[in-house]
Amino acid sequence: RIERRRLDRELAAGALDLSIDVPVPVGEGIVQEPLFEEALCVAMRPDHPLARGRLTVKQWLGARHVAVSSRRAGLVLEDVVLQREGLRRDVAVRCQYYYAACHIAATSDLLLVLPRYYGEWFTAHLPLKLVRLPLELPSLQVMLYWHRNAEHDPGHAWLRERIRALTLRGAPRP
């Protein structure tokens, strides 16, 4: 893990060969390429009180949530969008990984927003129900980053192509 503000330096120095992350501002020496875009959904335990019927915005905002972010503090994607609309939700727990967050959602009354691709995988392994997000949030975009110095390196080009191929084969469906 590196801090996003150090991405340019780490790639330029060769400390990182590639980075896969959400869209972040980068300098001119960094190449960025979209890998995929994925719609978000809500996960909850199947017997959650909100699992019956259609989830409303009021119910979703009134619930307690588990949020996922690699950062220890700051707003996550959905909270940034909510803040712009003058809305707020109650984040009770913050996790670094969807794995932990899904376990929490499966065993508590906390709701979790996650990419549908992850949600579909986790529902096959945990007692979770996926429902439609009751408000419009942008899809999660995932980008591939590398330094221009590696653009024509055969090994680097091979690795980028392998990542593209794996992403396409198991491509999340919008």
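Just above, that's the structure.
It should be emphasised that the depicted structure is a prediction, and the values quoted were computed from it without experimental measurement. (Residues numbered from 1 in each chain as written. Predicted model: local features only at pLDDT ≥ 70, side-chain atom pairs only at ≥ 80, totals over all residues. Heavy atoms only, no water.)

The next subject is the sheet that holds strand 5 (residues 90-95). Strand order in this open sheet of five strands is 5-4-6-3-7, and the pairing throughout is mixed. Because the sheet does not close on itself, it has two edges, and the strands there are strand 5 and strand 7 (129-132). This sheet shows a mean twist of 35° between the axes of neighbouring strands, independent of strand direction. Relative to strand 7, strand 3 (residues 40-44) is paired through four bridges, and the arrangement is antiparallel. Each bridged residue has a counterpart across the sheet, and for Ala43 the counterpart in strand 7 is Leu130. Against the sheet, helix 4 (residues 98-106) contacts strand 3, strand 4 (64-68), strand 5 and strand 6 (111-115), and its axis sits at roughly 145° relative to strand 6. (Pairing = 2+ DSSP bridges. Helix = DSSP H or I, 4+ residues; strand = E, 2+ residues; numbered from the N terminus. Axes fitted to C-alpha atoms, helices over the stretch in contact; angles between N-to-C directions. Contact = heavy atoms within 4.5 Å.)

Our focus in this paragraph is the packing of aromatic side chains. Overall, the coordinates contain four aromatic pairs when judged by the stated rule. Measuring from centroid to centroid gives 5.0 Å for Tyr98 and Tyr118, while their planes differ by 40°, and the two rings are tilted. Placement of the pair is Tyr98 in helix 4 and Tyr118 in helix 5 (residues 116-123), with a sequence separation of 20 residues. A residue is classified by how much of its surface remains accessible, and Tyr118, at 38% relative accessible area, is partly exposed. (Phe/Tyr/Trp six-rings, centres within 6.5 Å; stacked < 30°, edge-to-face > 60°. Buried < 20%, exposed > 50% of the residue type's maximum accessible area, 1.4 Å probe, protein only.)

As a further point, take the nonpolar core. Core analysis: the largest hydrophobic core is formed by 25 residues, its most contacted members being Val42, Met44, Leu55, Trp60, Leu111 and Leu133. The dominant element in this core, judged by the number of residues it contributes, is strand 8 (residues 140-147), at four residues. In this view, Trp60 contacts Val42, Leu55, His65, Leu82, Arg89, Leu111, Val113, Leu133, Pro134 and Leu135; residues no more than four positions away in its chain are not counted. Grouped together as the second largest cluster of nonpolar side chains are 16 residues, Val66, Leu110, Phe122 and Leu130 included. (Core = buried A, V, L, I, M, F, W, Y, C linked by side-chain atoms within 4.5 Å.)

Two side chains bearing opposite charge may form a pair once their charged atoms approach each other closely. For the structure shown, the criterion picks out nine salt bridges. The closest approach of N and O atoms between Glu10 and Arg6, which form a salt bridge, is 2.8 Å. The exposure class of Glu10 is buried, given its relative accessible area of 17%. For Arg6, a relative accessible area of 28% puts it in the partly exposed group. Across the pair Glu33 and Arg164 runs a salt bridge, and its minimum N-O distance is 2.6 Å. Here Glu33 is found in strand 2 (residues 30-38), whereas its partner Arg164 is found in helix 6 (residues 154-169), with 131 residues between them in sequence. By sharing partners, the salt bridges in this structure join Glu33, Glu161 and Arg164 into a single network. (Salt bridge = Lys/Arg side-chain N within 4 Å of Asp/Glu carboxyl O.)

So, on to the environment of Leu16. Within the secondary structure, Leu16 sits in the loop between helix 1 (7-13) and strand 1 (19-21). For the pair Leu16 and Tyr99, spaced 83 residues apart in the sequence, the C-alpha separation amounts to 25 Å. What Leu16 contacts, discounting residues up to four positions off in sequence, is Ile2, Leu7, Glu10 and Leu11.

A few words on the side chain of His65. If you trace the backbone, His65 turns up in strand 4. Within the local environment of His65, its side chain forms a polar contact with the backbone oxygen of Ala63, the two atoms lying 3.4 Å apart. A distance of 3.3 Å separates polar atoms of two side chains, one belonging to His65 and the other to Arg89. In this structure His65 touches Trp60, Arg89, Asp90, Val91, Ala92, Val93, Leu110 and Leu111, once residues within four positions along its chain are discounted. (Polar contact = N/O pair within 3.5 Å; in protein donor to acceptor, adjacent residues only side chain to side chain.)

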